[in-house]
Amino acid sequence: MQLDIDLILILGTSLTVHGIQKLTKNFAKLAHKNNGHVLFINTTEPPRSQWDGVIDYWVKMQCDNWVRDLTMRDLQLHD
């Protein structure tokens, strides 16, 4: 079964747990294979030595605030 993943949103984790790291890297490979992107939303930057080439964009923001901001932008687009 082929997954057509082209966007990975990483929210609510600091990526310090080994299992989550491995899962994230595997999904990121699938997204990049489909010319997709990986976004990490967190107030702490991920270690570049470990995540360079895996995470494409880091949004320095609390994930709840990012979702709230995204929701408000969506509402403005549909008004």
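I will try to describe carefully the structure that is included in this document.

Reading guide: rules and limits
- Residues numbered from 1 in each chain as written.
- Predicted model: local features only at pLDDT ≥ 70, side-chain atom pairs only at ≥ 80, totals over all residues.
- Heavy atoms only, no water.
- Buried < 20%, exposed > 50% of the residue type's maximum accessible area, 1.4 Å probe, protein only.
- Helix = DSSP H or I, 4+ residues; strand = E, 2+ residues; numbered from the N terminus.
- Right-handed = clockwise from strand over helix to strand, strands pointing away.
- Pairing = 2+ DSSP bridges.
- Salt bridge = Lys/Arg side-chain N within 4 Å of Asp/Glu carboxyl O.
- Axes fitted to C-alpha atoms, helices over the stretch in contact; angles between N-to-C directions.
- Polar contact = N/O pair within 3.5 Å; in protein donor to acceptor, adjacent residues only side chain to side chain.
- Contact = heavy atoms within 4.5 Å.

## Digging into the pairing of strand β2 (residues 37-42)
Okay, step 1: Summarising burial for β2: five of the six residues are buried, a large majority.
Okay, step 2: Between strand β1 (residues 7-11) and its parallel partner β2, the chain crosses via helix α1 (residues 18-33), and the hand of that crossover is right-handed.
Okay, step 3: By the bridge criterion, four bridges tie β2 to strand β3 (residues 57-60) in an arrangement that is parallel. Residue pairing in the sheet places F40 in a bridge with W58 of β3.

## A closer look at the pattern of salt bridges
Okay, step 1: With the rule as written, the count across this model stands at two salt bridges.
Okay, step 2: With its nearest N and O atoms 2.9 Å apart, the salt bridge here joins R48 to E45.
Okay, step 3: Looking at E45, the relative accessible area reads 34%, which means it is partly exposed.

## Focus: the sheet that holds β2
Okay, step 1: Taken in spatial order, the three strands of this open sheet run β1-β2-β3, and their pairing is parallel. Each edge of the open sheet is held by one strand with a lone partner, namely β1 and β3. Within this sheet the neighbouring strands show an average axis-to-axis angle of 15 degrees, counted without direction.
Okay, step 2: Summarising the sheet, β1 and β2 pair through five bridges and their orientation is parallel. Directly across from L11, in β2, lies its bridge partner I41.

## Details of the side chain of Q21
Okay, step 1: Inspection of the secondary structure puts Q21 in helix α1.
Okay, step 2: A relative accessible area of 13% means that Q21 is categorised as buried.
Okay, step 3: Within polar-contact distance, the side chain of Q21 engages the backbone oxygen of L15 at 2.8 Å.
Okay, step 4: The residues contacting Q21, other than those within four sequence positions of it, are L15, T16, Q50 and W51.

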